[in-house]
Amino acid sequence: MMQVHTLTHMELEPTPVQIGEPFRCWECGSPDQGGMFLIIDHSPLEAYTDHVYYMRLACGHNPRCVRLGDAIAPLRPLDRSIDENLASVREGLAHLAKAVPPDQQNQEPVSKIVYLLVAGRISPQTAINQLRGLVRTNEPFLPARLPVIEQTWR
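In every chain, residue numbers begin from 1 and rise along the written sequence. Since the coordinates come from a predicted model, pLDDT governs what is reported: local features require at least 70, and pairs of side-chain atoms require 80 or more to be given and counted, while whole-chain, interface and lining totals use all residues. Hydrogen atoms and water are omitted, and side-chain values are computed over all heavy atoms in the structure.

A few words now on the overall build of the protein chain. Put simply, DSSP H or I for four residues or longer makes a helix, DSSP E for two residues or longer makes a strand, and each gets a number counted from the N terminus. Per the secondary structure count, the protein chain includes four helices and six strands. Mapped in sequence order, the helices and strands of the protein chain form the string β-β-β-β-β-β-α-α-α-α. The buried label goes to any residue with under 20% of its type's maximum accessible area, the exposed label to any with over 50%, and the partly exposed label to all in between, with areas taken from a 1.4 Å probe on protein chains only. For the protein chain, the residues scored as buried account for 34% of the 154 residues in total. The contact rule is simple, with two residues in contact once any of their heavy atoms fall within 4.5 Å. Taking all contacts inside the protein chain whose residues are at least 6 apart in sequence as the whole, residues at least 24 apart take part in 49%. Reported accessibility uses the Shrake-Rupley method at a 1.4 Å probe radius. Residues are deemed covered only where the shown protein chains occlude them. Summed over its atoms, the accessible surface of the protein chain is roughly 9600 Å², and 57% of this surface lies on carbon and sulfur atoms.

Our focus in this paragraph is the packing of helix α2 (residues 109–118) against helix α3 (residues 124–136). Lines fitted to C-alpha atoms define the axes, with helix axes restricted to the stretch in contact, and inter-axis angles between N-to-C directions lie between 0 and 180 degrees. One way to put it is that α2 packs onto α3 with a least axis distance of 10 Å and a crossing angle of 175°. Taken as axis vectors, α2 and α3 run roughly antiparallel relative to one another. Residue-level inspection shows Pro109, Val110, Ile113 and Leu117 of α2 in contact with α3, the latter providing Pro124, Ala127, Gln130, Leu131 and Leu134. Looking at side-chain class alone, the contact of α2 with α3 contains eight nonpolar, one polar and no charged residues. Convention used here: angles under 35 degrees read as roughly parallel, angles over 145 as roughly antiparallel, angles from 65 to 115 as roughly perpendicular, and any remaining angle as oblique. Lys, Arg, Asp and Glu make up the charged group, whereas Ala, Val, Leu, Ile, Met, Phe, Trp, Tyr, Cys and Pro make up the nonpolar group; the residues left over, Gly among them, are polar.

The biggest cluster of nonpolar side chains holds 17 residues, and the ones touching the most others in it are Tyr48, Val52, Val66, Val89 and Leu96. Breaking this core down by element, the ones donating at least two residues are β2 (14–19), β4 (52–54), β5 (64–68), β6 (71–74) and α1 (82–99). Considering each element in turn, this core owes the most residues, four residues, to α1. The contacts of tyrosine 48, once residues within four sequence positions are left out, are Ile39, Leu86, Val89, Arg90 and Leu93. Among the buried residues, those of types Ala, Val, Leu, Ile, Met, Phe, Trp, Tyr and Cys that are joined through side-chain atoms within 4.5 Å form a nonpolar core. With seven residues, the next largest nonpolar core counts Phe23, Cys25, Cys65 and Ile72 among its residues.

Attention now moves to the side chain of aspartate 32. With respect to the helices, strands and loops of the structure, aspartate 32 is situated in the loop between β2 and β3 (36–37). Charge counting treats Lys and Arg as positive and Asp and Glu as negative, with His and both chain ends excluded. For salt bridges, the criterion is a side-chain nitrogen of Lys or Arg within 4 Å of an Asp or Glu carboxyl oxygen. Buried and without a salt bridge, aspartate 32 has arginine 121 as its closest oppositely charged side chain, separated by 4.2 Å. Within the structure, aspartate 32 has its side chain in polar contact with the side chain of tyrosine 53 (distance 2.6 Å). N or O atoms closer than or at 3.5 Å make up a polar contact, with two conditions inside protein: a donor-capable atom paired with an acceptor-capable one, and, for residues adjacent in sequence, both atoms drawn from side chains.

The next subject is the pairing of β6. In terms of strand pairing, β5 meets β6 through four bridges, oriented antiparallel. Pairing of leucine 68 across the sheet is with alanine 71, part of β6. When DSSP locates at least two bridges between a pair of strands, those strands are taken to pair.

Among the structural elements, glutamate 108 can be located in the loop between α1 and α2. A relative accessible area of 10% places glutamate 108 in the buried class. Within the local environment of glutamate 108, its side chain forms a polar contact with the backbone nitrogen of serine 111, the two atoms lying 2.8 Å apart.

This part covers the state of the cysteines. When two cysteine sulfur atoms lie within 2.5 Å, the pair is treated as a disulfide. Evaluation of the coordinates by the stated rule reveals zero disulfides. Not engaged in a disulfide, the cysteine cysteine 59 finds its nearest cysteine sulfur in cysteine 28; these two sulfurs lie 3.7 Å apart. Classification of cysteine 59 as partly exposed rests on a relative accessible area of 31%.

Here it is in structure tokens:
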């Protein structure tokens, strides 16, 4: 499931990091109901289209995150200057790159499908179709990191 880590800034402010979907609100834990990447065309942030992620939260808290693969960290609300926003995104990506080893930046595909199904983010039929798609595309099935489940089966 979701892992939460904390990285410390140079100023000693903790920066939370979530690895793996489904993501949750930083303030109250409300689940992300399927966020999206959103950048306005011709924006200076356009170069970061794949890294500025907005969670869809029912709670109304700040949904803005920086995303690297399947790892996210919070971004301040978009109420700053362009230069401050660019610096914030760059800093967030740098922190994610340091906090999350490259081999953990993306969830194993089968685990991701199962977690999204359990969280109610995808339907059973969608999960079946996605699993079948992995087999058809020869996507490698990496060993899932499920220590809690594995321990209960032993």
